[in-house]
Amino acid sequence: METEQINLQEHRRVAEKALADTQVPLALSEESLLQREKRTGIDQVHDEVERLLSKEILTIRKCQDVMKKMIERMKIQQQLNRAALHLCDQDVQDKHHAQGLDDRAHQLRNSSYGIGLQHGIETIDNTISDQESWLRATKDNIERCQRERECSERVRGKVDSYLRACANELCAAFNAVNVALAAKISETTALKDKLQEHLQKISNEIRDMERNIALLRKSIVDKERYLKVVHSRLNQMNLRRNMELCHDDPMRGLVCEVGEIRHTIVILKDSLQEAECAMCRLIKTRSILQNQIAVKENSLQVDSRCLVGRRRSMAMDPDIGPLFNLDPCNQQRC
């Protein structure tokens, strides 16, 4: 019984340590949820990672509740074991004391020192049991010890089973979050790369559009300057006097040329306006892309540095080691 009490105490120690060991994963999971609140923009969604993190927290708390119940059950069983052991110890001490008295009585002789008459002692009966009740009490004590020892062994077996189950559940939840995180990081990285590729194309289009706008503005300036030249020629021709002020072919050509230049300038200005509008749209698109890339980079920073880095520092992998040190309980790795 004493050995069983020692074994039960060791199981209780392991269970209490296992309960304490779950505080770090729980704090990490709760901190991970808080860190993911730092995501911005379109990435503020209730995704698979967040769902699994919430599930992991519930799993840890459920396992903690199971461990607390196991520890409380072991405390009760230890009290029952101590009570049964105390009765057995008391019975052994009483029997050892009685055996000593019986041995002394058996060794008394006529020549023994200290013998004497005890008048009326044969009429005194202070016994509290007979042969049958004496045997039954001893048998009950032995049976109680055996019963409590068997119950204690069953409790230890349940503790072993529960700790294995908790370790497996925690490992499964932990690894599921890691897999979801890796997938989310890969997906976010791919989206960020596509956005950056699209941003590069938009930037190239903006540069081409800037050159096109510069060429259009230069063309308009050149046409307006040439229009001034044509106007000056017409003005000079209008200074002719008398019959020389003739609407001849050169004047008609200059007049037609003014109309053509004005039409060309109108077309160029319309093209410039369309190009400037397209430029505004491209700049707006570039700003949107830059904002989306910043959102993705922030999400990657949260998931990669804040979560993956911290979770890697906490080994919960069967290939690395057990979640709980269950060697005294002959436990398997999680």
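1. Structural notes on the pattern of salt bridges
Opposite charge on two side chains allows them to pair when their charged atoms are near. This structure, assessed with the given rule, holds 20 salt bridges. Asp 47 is the partner of Arg 39 in a salt bridge, and the nearest nitrogen-oxygen pair spans 3.3 Å. A relative accessible area of 4% means that Arg 39 is categorised as buried. A relative accessible area of 11% means that Asp 47 is categorised as buried. With a shortest N-O distance of 4.0 Å, Lys 139 and Glu 143 are connected by a salt bridge. Highlighted residues: Lys 139 and Glu 143, both in helix H4 (residues 131–237), separated by 4 residues, approximately one helical turn. A relative accessible area of 33% means that Glu 143 is categorised as partly exposed. Ionic contacts of the salt-bridge type, sharing partners, join the residues Arg 36, Arg 39, Asp 47, Glu 50, Lys 184 and Asp 303 into one network.

2. Comments concerning the confidence of the model for the protein chain
Regions with low pLDDT carry predicted coordinates that are not meant to be interpreted in detail. Considering every residue of the protein chain, the mean pLDDT works out to 83; 91% of them sit at 70 or more. Note on residues 317–334: pLDDT is under 50 here. Beyond four places in sequence and across chains, it has 42 contacts.

3. Re the state of the cysteines
Note on terminology: disulfide describes a covalent bond linking the sulfur atoms of two cysteines. According to the stated counting rule, one finds 1 disulfide in the structure shown. In this model, Cys 88 is linked to Cys 145 through a disulfide, with the two sulfur atoms separated by 2.5 Å. Taken together, the positions of Cys 88 in helix H3 (residues 48–107) and Cys 145 in helix H4 put the pair 57 residues apart, joining distant regions of the chain. Using a relative accessible area of 18% as the deciding quantity, one classes Cys 88 as buried. Among the residues examined, Cys 145 registers a relative accessible area of 7% and is labelled buried. As a non-bridged cysteine, Cys 151 has Cys 145 as the owner of its nearest cysteine sulfur, 13 Å distant. Residue Cys 151 is classed as buried on the basis of its relative accessible area of 16%.

Conventions we followed
- Residues numbered from 1 in each chain as written.
- Predicted model: local features only at pLDDT ≥ 70, side-chain atom pairs only at ≥ 80, totals over all residues.
- Heavy atoms only, no water.
- Salt bridge = Lys/Arg side-chain N within 4 Å of Asp/Glu carboxyl O.
- Buried < 20%, exposed > 50% of the residue type's maximum accessible area, 1.4 Å probe, protein only.
- Helix = DSSP H or I, 4+ residues; strand = E, 2+ residues; numbered from the N terminus.
- pLDDT = per-residue confidence, 0-100.
- Contact = heavy atoms within 4.5 Å.
- Disulfide = S-S within 2.5 Å.

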